[in-house]
Amino acid sequence: MLEEINQAEREALEALEAVGSNDELQAWRSLHLGKKSQLKQQLKNLGRLSPEERPVVGKRTHEIRQRLEASLDARRDELEAARIEASLAAEALDVTMPGRPVRRGRLHVSTRTLRRIYAIWAEMGFQVYRSRDVESDEYNFQLLNFPRHHPAREMQDTFHTTTDDVLLRTHTSPGQIRVMRENAFDADGTPRADPDPIRVILPGMCYRYEQITARSEIQFNQVEGLAVGRRIRMSDLKGTLTDFARRMFGQDTRTRFRCSHFPFTEPSAEMDIECFLCGGEGCRVCKHAGWLEILGCGMVHPVVLANGGYDPTVYSGFAFGMGPERIAMLRHGIEDIRQFWANDLRFLEQF
Amino acid sequence: MKVPLRWLEDYVDISLPIEELTRKLTFAGLEVEALRYVGLPLPENPERLEAKVAGLEWDPETVVVGEVVEVRPHPDADRLVLADLRLGTEQLTSVTGAPNLFPYRGQGPLAEPLTVAVALPGARLIDSKTGEPRRFEPATIRGTLSAAMICSERELDISEAHEGVILFGPGSAALETPEPGTPLADFIGDVVLDIAVTPNMVRTASIVGVAREVAALTGSELRLPSLDVEMTGPPTADMIRIDIRRPDLNPRFTATLLDGIEIGPSPYWLQLRLLLAGMRPISNIVDLTNYVMLELGQPLHAFDYDVLVERARASGSEVPTIITRMPDPGERLETLDGVDRAIDDFTILVTDEMGALALGGIMGGGESEISDSTTRVLLEAAAWNFINIRRSTQAQQLSSEAGYRFSRGVHPADAPRGNLRAIELMRQLAGGTVYQGLVDVYPQPHHDSVVEMPFGEVERALGIEIPREEVIRILEALEFGALDDGDMLRVTAPDHRLDIGEGVIGIADLMEEISRIYGYERIPETQIEDAIPPQKGNPELETEEAVRDLLVDLGLQEVVTYRLTTPEREARARKTGSEPDARPFVELKKPISEDRRVMRHELLPSVLEIAETNARRDGLAIFEIGQVFLAQEGEDLPEEPRRLAIVMAGLGERGNWSRGEPKELDFYDLKGTLDGLAEDLHLEDCVFEAAEHPTFHPGRCARLRVGGEEIGVFGELHPRVRAAYDVPFARVLAADLDLEKLQAAIPERYPVHGISSFPPVVEDLALVVDDGVTAAAVESCISRAAGDLLRAVELFDHFRGEQIGEGKKSLAYRLTYQSDDRTLTDQEVAAVRQQVVAAVEQQLGGRLRS
């Protein structure tokens, strides 16, 4: 009896070796472990055995059953592993084929640059103040200390409109007067005793009467800044603008200030930064000078403070102005300013 | 202002290397834009100078000073001569065709050898024909060896002149003749600084003005030119009378008279200085008016005195009278440049009793100008109101060196200085006798500003304490008077500057002078001590930027276009025959080009033009946010409302190997974009309704209303509008929205719904309705009928066909029901469905599709 069941075990295990698919595995299972299997039959016949034989055969039968089941599981795992292996190989992709493009939008490079400038100044407490594109001669020039027929007007070639004394603003500086007056006067025009200090940036489109070339445009964005308070000094201008430059162009950026002239500031300066591409070594972008001209700035002229309603004997301030397109050109190596308003999507999609 | 260094050194010692001098000047506000090396070696790293650097170096070995000792005829050529040269011990012969050597031909050895510039073999010069550098090599010309070349200005890159060779003439104090063989660069080599003069610094449009700055910046002494004149003639006052009618416009007029001059060319040193400073030498008298203008900054005008006398006699007087006055109506003048000019009523004239002689401070007239036969010169140096001069130069579109300076402000005290300096130089170089005394009419003496400046102001304004001695040194070096009065400095503006104010403005003016000379780089970097001002919200900007972000999220590319356009370009976006916009445009008085002559009325046409620019692409989806400009009745300044325009066309996505043919964008792609925008802005009561608009296809145009307010229109362009644009797309979708109304419709806050933990029930419902019933009507009917349990309605199919009958359509909706507090039973859902179907039947005449 014992011999018979041992023989059955050997045959079953041999047969399992030959099993090659799940179906065969099922067949093997019913043949060797199912109701009609030799093992089950043996168990049914157990009663017929002698009381001495019965526990021995019973125990052995149980052992064999466990072993066959374990072998079955192992074989199933083997077969599954082999199947996955085979299908993985078949499912292999050419990973170098291009991915499916997603249609996505982008901001115009000028907007991106403006936002970066806004964000940096916002952290320093400078809020955005916007004003109109079409301006009066009074706001664009006279109140900013450019009297009529003053030679300083030659620095800004102006688009005049067919309405006398109405022009396209040549800079966003008229907003300086507007923001100062908003702070310095009540709505009914009464001067306030102690107007708030001011920290604003004034972004917007400006216009100059110039030939459109790779280097000059008739329209361009400008971001001006204005800080007015009771104790603002030229050293604050240097410190604040240098902080801005470090945020905008990198923590190691060095600045320098050269004397310049703007009628609405005095003293006036141009700020250069050490070229961020070559670190001052000299390269194509900085024309081998090592420095890049970034913005104009200066202490607010007393006449301008007074025109804005701030007493120049009490208040002082600084102002600055920069061109986002110029900054973007430097940062991205753009050589032709006309690309900004041409809006060739192949250009815009690179940002 | 072109400043030759050798000339500058007449007035100030320069100990700094040129690179350092350039840097100091630039940082102090005298930006050195360019450096021209005349004969001297160019710097090794010119880029580091941050100025344009150009020039030709004269090799000291091969470009030298020589003497022509004899000029002989060429044996075989009439148009050539042989010039025998002495260069130190060496003797060479040059074959040359220089016309200015021909007068010396055949005279034998010259009693006075001619000093010339000589190029020896190997010398690098400018080829007079090509203008390119070329090496000189000896050559046999018509059988005679030319071993050296006598140079013209063009060959040495001094000027364009090539009519003859340079003849230096006899030596003078300004230019001592060196030994033959001396390198030419040692003799006349120079560096010319080209300084950009800002409008407030016209005082530096003169060599002495620059020298003063150099002196202040370097601590050197300034040497002003002598104003002594040898006056031996009769009194000038008997020879000329001056009548100033408008002292406000002509505060001062001075005159001197020189008798017995001989007009001729200027000595070479003077010609060279003028050339390097950018002016063309003409003749001694004219050259000296220019020379002194460049030297001191005071423009001068020389009259032929005998012409004035003749005119005076013609009008019955013996003594000419100069009258400065406003023009008579219709008065004209032919100026030196040959233009016959109508004079504007605000332009002040220099006249005599016979009429106009000159545009005051700008340009002289032709009749009284110096000619070759002039023997008596009346020299004018005057002061003019700079605003008036600028206005006149602009009106006449006339730029002159005098007008340039006078239109920026020349101090009246400069007039006598310029006059005396020039008349003495004229006497020395053109001969003659100067009449006694300067006639000086100065009815309105200028008051030089006095500024009371507390010393503490320096720290308060600049953020650095500059020692009091240094403040005073700086001001005095710039020729301010500086009186130390305890805590106060009493400063008087120098009598060559009109740009210094008084009071608080004067203090600001002084701060500029002190800080720029002290050096901006020495001012520290500090943080603002004032508190940050109260911060204010800026919803207008924030929501505008939010709209930009959402449109970008929805796959649109932002564009920024020109705000200048033409009415015709805007009209393209309207169907032919529709009424043009009647409001006037903001129009440029003088556009730079005809296609940018008005400020735009509308945004959409500008964005449509960008679709044209990108017509080669398969598709595009773009938007712009920006102002339009609407002139207002009775107002000078226009309204500037901001608008939003969207344009979509072509393929919605790029083709790809794994996708089928991409679909062309249509109305519903644009609608979906606007749906997305409305959803993400959480707009409430958002209604899309069919609309008509001249830009759009009449059956494919919709209006967007939010809370009843019209936000804008959108749709597919009318085929005739589309045809007006050069685009290859069958359909172009566009939206034109009022951004400000859209922003106003954005709720400040919006609620969100909790997520129910009970399962939703989803069921599909196909409804058949008449074709004329809109999807919006069906959806709103369903929503109202279904009540609170309905969480979502989604149209997922649209069908027309025989099965459902003529004039009908089937709309299939997926309805999602859900409760927050229980699992819905089949009966509850069935009841809702019954209500929905009943409502569709009763209200819309529809039915459930079987």
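These numbers were taken from a predicted model, which means no experiment stands behind them. All residue numbers refer to position in the chain's written sequence, counted from 1. Chains carry letters and ligands carry numbers; both start at the beginning, A for chains and 1 for ligands, and go up in the order they are written. Where local features are concerned, this predicted model is filtered to residues with pLDDT of at least 70; where side-chain atom pairs are given and counted, the filter is 80 or more; whole-chain, interface and lining totals use all residues. Water and hydrogen atoms play no part in the side-chain values, which are based on all heavy atoms of the structure.

Caption draft 1: Main features of the sheet that holds strand S5 (residues 77–87) of chain B. Residue and element names in this part refer to chain B. Pairing between strands requires that DSSP locate at least two bridges from one strand to the other. Secondary structure elements are defined from DSSP: runs of H or I of at least 4 residues count as helices, runs of E of at least 2 residues count as strands, and each element is numbered from the N terminus. Across the sheet, which stays open at both edges, the 5 strands sit in the order S6-S5-S4-S7-S12 with antiparallel pairing between neighbours. Strands with a single pairing partner mark the edges of an open sheet, and in this sheet they are strand S6 (90–96) and strand S12 (149–150). Sheet topology places strand S4 (residues 63–74) next to S5; 7 bridges connect them, and they run antiparallel. Note on S5: the bridge partner recorded for His 74 is Ala 77.

Caption draft 2: Just the state of the cysteines, in detail. Residue and element names in this part refer to chain A. Throughout, disulfides are identified as pairs of cysteine sulfur atoms within 2.5 Å of each other. Taken as a whole, this structure holds 0 disulfides over all chains when the rule is applied. Unpaired in terms of disulfides, Cys 206 finds its nearest cysteine sulfur in Cys 297, a separation of 17 Å. Think of it in three bands: residues with accessible area under 20% of the maximum for their type are buried, residues over 50% are exposed, and the middle band is partly exposed, with areas taken using a 1.4 Å probe on protein chains only. For Cys 206, a relative accessible area of 0% puts it in the buried group.

Caption draft 3: Structural context of the pattern of salt bridges. Counted as salt bridges are all cases of a side-chain nitrogen of Lys or Arg within 4 Å of a carboxyl oxygen of Asp or Glu. According to the stated counting rule, one finds 105 salt bridges over all chains in the structure shown. Asp 336 of chain A is paired through a salt bridge with Arg 338 of chain A; the nearest N and O atoms lie 2.9 Å apart. According to the relative accessible area criterion, Arg 338 of chain A is partly exposed, its value standing at 36%. Taking the shortest distance from any N to any O, the salt bridge between Arg 468 of chain B and Asp 484 of chain B comes out at 3.0 Å. With Arg 468 of chain B in helix H12 (residues 468–477) and Asp 484 of chain B in strand S28 (residues 481–485), this residue pair connects regions lying 16 residues apart in the sequence. A relative accessible area of 31% means that Arg 468 of chain B is categorised as partly exposed. For Asp 484 of chain B, a relative accessible area of 39% corresponds to the partly exposed category.

Caption draft 4: The layout of surface pockets, seen in detail. All names here are of chain B. Detection works on a 1 Å grid of protein atoms alone, calling trapped sets that fit a 1.4 Å probe cavities and calling open sets with protein on both sides within 12 Å along at least five of seven lines pockets, with lining residues defined by an atom within 4 Å of a point. Grid points are joined across faces, edges and corners, and a volume is the space filled by probe spheres set on the points. Volume-wise, the second largest pocket comes out at about 1,800 Å³. Contributing to the lining of the second largest pocket are 40 residues, with Lys 671, Asp 675, Phe 688, Ala 776 and Glu 779 lying nearest its centre. Only helix H17 (667–680), strand S35 (686–690), strand S36 (696–706), helix H20 (775–786), strand S40 (790–799) and strand S41 (808–817) provide two or more residues apiece to the lining of the second largest pocket. In terms of residue count, the dominant contributor to the lining of the second largest pocket is H17 (7 residues). Taken together, the residues of the lining of the second largest pocket break down into 19 nonpolar, 8 polar and 13 charged. Residue polarity is assigned by list, with Asp, Glu, Lys and Arg as charged and Ala, Val, Leu, Ile, Met, Phe, Trp, Tyr, Cys and Pro as nonpolar; anything else, Gly included, falls into the polar class.

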